Amino acid sequence: MSEGCNNGSSKPTVTPYEEALDALSSLITKRSRADKSNKGDRFDLLFDYFKILELEEAISEMKIIHVAGTKGKGSTCTFTESILRNCGFHTGLFTSPHLIDVRERFRLDGMDICEEKFLAYFWWCFDRLKEKATEDIPMPTYFRFLALLAFKIFAAEQVDVAILEVGLGGKFDATNVVQKPIVCGISSLGYDHMEILGNTLAQIAGEKAGIFKDGIPAFTVPQPDEAMNVLVEKASKLNVTLKVAEPLDAKLLNGLKLSLEGEHQYLNAGLAIALSSTWLQRTGHHEFTYLEQASPFPEQFIKGLTTASLQGRAQKVPDQYINAERYGDLVFYLDGAHSPESMEMCARWFSLAVKEDSQKKAFNHPPQNNSGSTIELAQGNPKERDGKISMQILVFNCMSVRDPQLLLPRLMKACANHGVYFKKALFVPNTSVYYKVGSHAFPTDSQVDLSWQLALQRVWENLIQSDKGGEAKHADAVCEEGKDDTKMGGSTCENSTVFPSLPLAIKWLRESVQQNQSVRYQVLVTGSLHLVGDVLRLVKM
């Protein structure tokens, strides 16, 4: 973001936007999210903040759709917003996390809020909260401030509908200050944030069901019995009509495709249809409603579902730095999966996507002789079209609160079930830092602690050795600490490499493409939305 104009000074100019990001960064606590000793964890403080920001009346009048869940809630919210926008409504969408720019969290009519409006609303909220802050009512923590800012933006912009994605859990999430939403949704539930939400699906479901409100209708998707039983029980206690939304029937799209890739998106689309239809019905807009599969599917719904966009979920990005003649020889497949279940869905999407892309390449470049059809080429071995071999590479990182022993085996097995095997896994630290917001907040210290990445590498090597029938406990023996290709003290093993930084890993991939003219690199980036955002920032710059 910095303009890079020094005016003869050694200190770079800080833009007004960077000043706001620095102020926002000051709200990030370095405590674990599971640490309950912080006063900011008091949920009742949110109502004090509402009073300070004079938002009570505006929020009570706002027509809100509230969505929780372990996976798919961001996609569900995105589909819902797109449907209602295409029905002609002025929409506000609040999601998390952001991948490149914090303004991605606040969408007005499908677009990230502009910098000018963001700054105006940001300082209006920040200055008032700062002025009124006391020991009993301290400044809100990072995510709580962002949620408050979203409410301020949507109130001031007078949106017709506000779609809110829960940040974490449900019951004590900052978005749950909403007392009377129009409708609530619970997307697919699974094991994630267990250090906070509980160790069983039942406990996790109980936390997510915390967004249910007395008499307000709610929808969910098919869930494991352990989770569904809790949702039903919580709903009955609050007089909530809970229905299960059926996955979208692809035939309803009239030959078009969902804009978000992956089979699981039909589940999220089905939930979005139910939420949108109920919102339309309960706000008196009966001309658009679609509640029965037998009734005609509105054109606005089709357009909404086939044009919605969300970065970092089943997203393909060809590297921009590859020469035009090598375009497509380095493609990043980005998915922010970070739970065991979403890891499996990610693997399924990636496996099908690389095969489909290989087929497309074959059809785009038919053989020059009559010895075989393009279909035979596409379905044959990985050597396709112009004689190039497709090679799959994994770039991975996850937060240390997650268990790689649950994530990596699910990923590897699901890919193997589709005949996809990674030639090499690259383990990297995230570029962005958790106590800073913004692109100017990259770490400069070259002495990065790689102990977590080395632990991930050991898990991977053990999995490979076990898969080959070898002794897993001897996997470390094939590693060579600080081998030359990491340049800065990483670790190279037979099937993996730890890089001290993401830019070095990207550099290695680009050099590999240049040095191997006969290979096409298909790179899956997963395990962390932060990592996906870092890759997008580097690849799209």
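Basis of the calculations
- Residues numbered from 1 in each chain as written.
- Predicted model: local features only at pLDDT ≥ 70, side-chain atom pairs only at ≥ 80, totals over all residues.
- Heavy atoms only, no water.
- UniProt positions renumbered as here; feature names shortened; annotations may be inferred.
- Helix = DSSP H or I, 4+ residues; strand = E, 2+ residues; numbered from the N terminus.
- Buried < 20%, exposed > 50% of the residue type's maximum accessible area, 1.4 Å probe, protein only.
- Contact = heavy atoms within 4.5 Å.
- Axes fitted to C-alpha atoms, helices over the stretch in contact; angles between N-to-C directions.
- Parallel < 35°, antiparallel > 145°, perpendicular 65-115°, else oblique.
- Left-handed = near helix turned anticlockwise from the far one by under 90°.
- Pairing = 2+ DSSP bridges.
- Polar contact = N/O pair within 3.5 Å; in protein donor to acceptor, adjacent residues only side chain to side chain.
- Salt bridge = Lys/Arg side-chain N within 4 Å of Asp/Glu carboxyl O.
- Nonpolar A, V, L, I, M, F, W, Y, C, P; charged D, E, K, R; others polar.

By the naming in an unreviewed UniProt entry, the protein chain is Folylpolyglutamate synthase, taken from Populus deltoides. Under the UniProt heading Catalytic activity (unreviewed entry), the note attached to the protein chain is "(6S)-5,6,7,8-tetrahydrofolyl-(gamma-L-Glu)(n) + L-glutamate + ATP = (6S)-5,6,7,8-tetrahydrofolyl-(gamma-L-Glu)(n+1) + ADP + phosphate + H(+)". In its Function (unreviewed entry) section, the UniProt entry covering the protein chain states "Catalyzes conversion of folates to polyglutamate derivatives allowing concentration of folate compounds in the cell and the intracellular retention of these cofactors, which are important substrates for most of the folate-dependent enzymes that are involved in one-carbon transfer reactions involved in purine, pyrimidine and amino acid synthesis."

Undergrad: Hey, could you run me through the overall build of the protein chain in this one?
TA: Regarding its fold elements, the protein chain presents 17 helices and 17 strands. Here the protein chain holds 541 residues, and the buried ones make up 54% of them. Once local pairs closer than 6 in sequence are excluded, the contacts in the protein chain between residues at least 24 apart make up 74%.

Undergrad: When you look at the packing of helix α14 (residues 404-417) against helix α15 (residues 451-467) in this model, what are you seeing that I'm missing?
TA: Packed helix pairs are characterised by how far apart their axes lie and by the angle those axes make with each other. Closest axis-to-axis distance for the α14/α15 pair is 10 Å, and the angle between their directions is 45 degrees. The angle between α14 and α15 falls in the class oblique. The element α14 and its partner α15 pack so that their crossing is right-handed. Residues Pro404, Gln405, Leu408, Pro409 and Met412 of α14 form the contact with α15, whose own contacting residues are Trp452, Leu456, Val459, Trp460, Leu463 and Ile464.

Undergrad: Explanation requested: unusual backbone geometry in the structure shown.
TA: Most peptide bonds are trans, and most residues other than glycine sit at a negative phi. Residue Pro97 is bonded to the preceding Ser96 through a cis peptide linkage, with omega at -10 degrees. Tracing the chain through its elements places Pro97 in the loop between β2 (91-94) and β3 (106-108). A positive phi angle, close to 50 degrees, is found at Asp109, a residue other than glycine. One non-glycine residue, Asn254, lies in the positive phi region at around 55 degrees. Following the sequence through the fold, Asn254 ends up in the loop between β8 (242-244) and α10 (265-282). Judged by its relative accessible area of 54%, Asn254 is exposed.

Undergrad: What's the story with the pairing of strand β5 (residues 161-165) in this structure? I'm lost.
TA: A regular strand places its side chains so that they alternate between the two faces of the sheet. Here β5 lies mainly inside the structure; five of its five residues are buried. By the alternation rule, side chains of β5 split into Val161, Ile163 and Glu165 and Ala162 and Leu164, which are all buried. Pairing analysis gives four bridges linking strand β1 (residues 64-68) to β5, with the strands arranged parallel. Bridged to His66 within β5 is Leu164. Alignment of β2 against β5, held across four bridges, turns out to be parallel. By the bridge assignment, Thr91 is partnered in β5 with Val161.

Undergrad: What am I meant to see in the UniProt feature "binding site: ATP" (unreviewed entry) in the protein chain here?
TA: Per the UniProt record, "binding site: ATP" (unreviewed entry) is annotated on Arg313 and Asp335. These residues run over 23 residues, yet every pair of their C-alpha atoms falls within 4.5 Å of each other. By the secondary structure assignment, Arg313 is in the loop between α11 (299-307) and β9 (315-318). Taking relative accessible area as the criterion, Arg313 reaches 16% and is therefore assigned buried. Beyond its immediate chain neighbours, meaning those up to four positions away, Arg313 contacts Ser75, Ser96, Leu334, Asp335 and Leu529. At 3.1 Å, the side chain of Arg313 and the backbone oxygen of Gln311 are in polar contact. Structurally, Asp335 is set in the loop between β10 (330-334) and α12 (340-364). Not counting residues up to four positions away in its chain, the partners in contact with Asp335 are Gly312, Arg313, Ala314, Cys346, Trp349, Val525, Thr526, Gly527 and Val532. A polar atom in the side chain of Asp335 sits 2.8 Å from the backbone nitrogen of Ala314.

Undergrad: How do you make sense of the environment of Arg105 when you look at a structure like this?
TA: By secondary structure assignment, the location of Arg105 is in the loop between β2 and β3. Here Arg105 falls in the buried class, since its relative accessible area comes to 4%. Along the sequence, Arg105 and Leu146 sit 41 residues apart, while their C-alpha atoms lie 8.5 Å from each other. Setting aside anything within four residues of it in sequence, one finds Arg105 in contact with Leu93, Phe94, Thr95, Ser96, Pro97, His98, Tyr142, Phe143 and Leu146. A distance of 2.9 Å separates a polar atom in the side chain of Arg105 from a polar atom in the side chain of His98.

Undergrad: What's the story with the pattern of salt bridges in this structure? I'm lost.
TA: Pairing between side chains of opposite charge can happen when their charged atoms approach one another. According to the stated counting rule, one finds 16 salt bridges in the structure shown. A salt bridge links Lys237 to Glu233; the nearest nitrogen and oxygen atoms lie 3.4 Å apart. Of this pair, Lys237 and Glu233 both sit in helix α9 (residues 225-237), four residues apart, which is roughly one turn of that helix. A relative accessible area of 64% places Lys237 in the exposed class. Residue classification places Glu233 among the partly exposed positions, given a relative accessible area of 41%. Between Arg520 and Asp329 there is a salt bridge whose closest N-O contact spans 3.6 Å. Linking Arg520 in strand β17 (residues 519-526) with Asp329 in the loop between β9 and β10, this pair joins segments that are 191 residues apart in sequence.

Undergrad: Any chance you could explain the packing of helix α5 (residues 115-132) against helix α6 (residues 142-156) here in plain terms?
TA: For the pair α5 and α6, the least separation of the axes is 10 Å and the interaxial angle reads 120 degrees. Considering their axes alone, α5 and α6 lie oblique with respect to each other. α5 and α6 meet at a crossing whose hand is right-handed. Residues Phe118, Tyr121, Phe122, Trp124, Cys125, Phe126 and Leu129 of α5 touch α6, and the partners they reach there are Phe145, Leu148, Leu149, Lys152, Ile153 and Ala156. The residue inventory of the contact of α5 with α6, partitioned by class, reads twelve nonpolar, no polar and one charged.

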